[in-house]
Amino acid sequence: MPIDLASAAGALFTTQGRIDPYPLYRTIQQVAPVLPMAENIVLITGYDECDRLLKDPIFMAGDQYWRDREDESVENPHLAKSLIAASIISLNPPEHRRLRLLLGRAFTPARMTAMTPMLERIVDELVSEMAQKTESVGVIDFMSEFACRLPIRMAGAVLGLSSADVEGLGPLVHDLAVAFELDISGEPLNAANSAAARLRAHLTDIIARRCGQPSADDDLIRSLVAAAPEDFDALIANLLLLLVAGQESPSNLLGNGLRILLDRPELAATLRAAPAGLPAFVEEVLRFDSPVQMTGRWSNQETDLGGHLLPREGYAILMLGAANRDPRFFLHPDEFLTARANNKHLSFAAGSHFCLGAALARLGARIAFHALIREFPGMSLADEPARIDRLSLRGYATLPIRLAAM
Ligand code: HEM
């Protein structure tokens, strides 16, 4: 591999690279949209290549890489990773299809429509709490006051959990989500495992209460228990996955999108005057600064990828955030264009693991941005925001804002 490509790929996995990976993606993509990193690992930054691979049945989901590793610094080196590895996102046919049909019942279009008034109510509550808080403190952190609080309640609602059930779980879910990074160790890994243990205990409690009470409702937790009563570990793994997937990426979508609006007050004004443009705005945020930048797949047979022979059990790192900026697929990929036609970004992936919560994430974001631009026309950035030091799930740690013009 030429030296500049090797160092660009390596730089992606440094703090600086994680803060702004886009120039690095471009450097790599222009020369090698499929870049061999080692004999059995390729880094894929091209749109067509990512899309094709996600839809190719010889490529499997799962996490053998982590399962084979040891880290003696923690009591259970695998808890967070192994829970994710036991959940739907890591399964393959035929188990994947069976579970997907079952979980899919919670995300039907009818269910999304029915949830709309409740989502509007939660958004209105959070908006008025922010307005009250800003009167006393002036500057508030959008991430902790809004972006991290809305999605956990949304995800809880899908699972049939009350706001009391999910209250306070946000930070634990955030710690657990680091398990989606390619390579973690030390303190973040310890925190992820300890969060996984606490969340597992909390969910076990909720399930025991839920299943001990008679109910006429066909809620998701009861359906999952009924479908495989003997497989309690899988139940916990899938509930945890739904909480993590339902919390982290939607929070980051809200933060990444608000930053774009704060940088472009004229766009906020346009959307305020014509909210019908909000769905296109949300799609462009997803493309431009994807909350999920990366996923991976194993090949179950030797295969030729762009001239590189990936062996059986070789691993492809798929940079979805890079694919979304591929100039061979998107015109002017580094410009934020809400009028973009055919915005087929890969932020929800593609193929059989296409995000199950995509409709919910889109609905929540549209309602949230609508309320924010309507209620706070003078909103502005109050200080330099800080990125979370993660590559896979991209977002802000803090986003300090003022809600009214000074
Ligand atoms: C902006 C928000 C979101 C983004 C960008 C996002 C992105 C993704 C991506 C890229 C995948 C595929 C991963 C892979 O193939 O390796 C995925 C899968 C999944 N997502 Fe999301 N997601 C979001 C919100 C949600 C929400 C709100 C939920 C549920 C409450 C959810 C539940 C899931 C589930 C269950 C899967 C696994 C599907 C399967 O394996 O068949 N996601 N998501």
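Preceding this paragraph is the structure being described.
Below: a short report on this structure. Since the structure is predicted, the reported quantities are computational estimates derived from the model, not experimental observations.

Criteria and cut-off values
Residues numbered from 1 in each chain as written. Predicted model: local features only at pLDDT ≥ 70, side-chain atom pairs only at ≥ 80, totals over all residues. Heavy atoms only, no water. Helix = DSSP H or I, 4+ residues; strand = E, 2+ residues; numbered from the N terminus. Polar contact = N/O pair within 3.5 Å; in protein donor to acceptor, adjacent residues only side chain to side chain. Contact = heavy atoms within 4.5 Å. 1 Å grid on protein atoms, 1.4 Å probe; cavity = no way out; pocket = protein on both sides within 12 Å on 5 of 7 lines; lining within 4 Å. Points joined across faces, edges and corners; volume = space filled by probe spheres on them. Nonpolar A, V, L, I, M, F, W, Y, C, P; charged D, E, K, R; others polar. Pairing = 2+ DSSP bridges. Axes fitted to C-alpha atoms, helices over the stretch in contact; angles between N-to-C directions. Salt bridge = Lys/Arg side-chain N within 4 Å of Asp/Glu carboxyl O. Buried < 20%, exposed > 50% of the residue type's maximum accessible area, 1.4 Å probe, protein only. Donors = N, O, S within 2.8 Å, 3.2 Å for Na, K, Ca; no water. Parallel < 35°, antiparallel > 145°, perpendicular 65-115°, else oblique.

### Section: the side chain of Gln 29
For Gln 29, the position within the fold is in helix α3 (residues 22–31). Within the structure, Gln 29 has its side chain in polar contact with the backbone oxygen of Ala 322 (distance 2.9 Å). Apart from residues no more than four positions distant in its own chain, Gln 29 is found in contact with Thr 45, Gly 46, Ala 322, Ala 323, Arg 325, Asp 326 and Pro 327.

### A short note on empty space enclosed by the protein
The full count for this structure, using the stated rule, is three cavities of 30 Å³ or more. Its boundaries defined by the atoms lining it, the largest cavity holds a volume of some 1100 Å³. If you go around the largest cavity, you meet 50 residues; those closest to its centre are Ile 89, Phe 180, Leu 241, Ala 245 and Val 292. Broken down by secondary-structure element, the contributors of at least two residues to the lining of the largest cavity are α6 (79–85), α7 (95–104), α10 (150–159), α15 (232–263), β5 (294–299) and α19 (358–375). Take the lining of the largest cavity: its biggest share by element is nine residues, from α15. Residues belonging to the lining of the largest cavity are distributed by class as follows: 33 nonpolar, 11 polar and six charged.

### Let's talk about the sheet that holds β5
Each strand in a sheet pairs with another by means of backbone hydrogen bonds, the pair being arranged parallel or else antiparallel. Taking strand neighbours across the sheet as the criterion, the five strands line up as β1-β2-β8-β5-β3 in an open arrangement whose pairing is mixed. Two strands bound the open sheet, and with one partner strand each, they are β1 (34–38) and β3 (59–60). Both β1 and strand β2 (residues 41–44) contribute to a ladder of four bridges, which runs antiparallel. Across the sheet, Pro 36 pairs through a bridge with Val 42, a residue of β2. Against the sheet, helix α4 (residues 47–55) touches β1, β2, β3, β5 and β8 (315–319), its axis set at about 125° to β8.

### Details of unusual backbone geometry
At the junction of Pro 93 and Pro 94, the peptide bond is cis and its omega measures out at 0° in the coordinates. Among the structural elements, Pro 94 can be located in the loop between α6 and α7. Although it is not a glycine, His 332 sits at a positive phi angle of roughly 45°. For His 332, the location among the structural elements is in the loop between α18 (320–323) and α19. A positive phi angle is found at Asn 342, which is not glycine, with a value near 55°. Its place among the elements puts Asn 342 in the loop between α18 and α19.

### Let's talk about the pattern of salt bridges
According to the stated counting rule, one finds 19 salt bridges in the structure shown. Across the pair Asp 389 and Arg 18 runs a salt bridge, and its minimum N-O distance is 2.5 Å. Linking Asp 389 in the loop between β10 (386–387) and β11 (396–398) with Arg 18 in helix α2 (residues 15–19), this pair joins segments that are 371 residues apart in sequence. Assessed through its relative accessible area of 41%, Asp 389 is described here as partly exposed. A residue is classified by how much of its surface remains accessible, and Arg 18, at 17% relative accessible area, is buried. The shortest N-O distance in the salt bridge between Lys 55 and Asp 51 comes to 3.0 Å. With a gap of four residues between them, Lys 55 and Asp 51 both fall in helix α4, about one helical turn apart.

### A word on the coordination of the iron atom of the ligand
Coordination of the iron atom of the ligand by the protein involves just one donor, Cys 355 (SG), at a distance of 2.3 Å. As for its position among the elements, Cys 355 is in the loop between α18 and α19.

### Regarding the packing of α15 against helix α17 (residues 278–288)
The interhelical angle for the contact between α15 and α17, taken along N-to-C directions, is 105°, at an axis separation of 10 Å. Accordingly, the angle class assigned to the pair α15 and α17 is roughly perpendicular. For the pair formed by α15 and α17, the contact residues are Leu 253, Asn 256, Gly 257, Ile 260 and Leu 261 on the first element and Phe 281, Val 282, Val 285, Leu 286 and Phe 288 on the second. A class-by-class count of the residues in the contact of α15 with α17 yields eight nonpolar, two polar and no charged.

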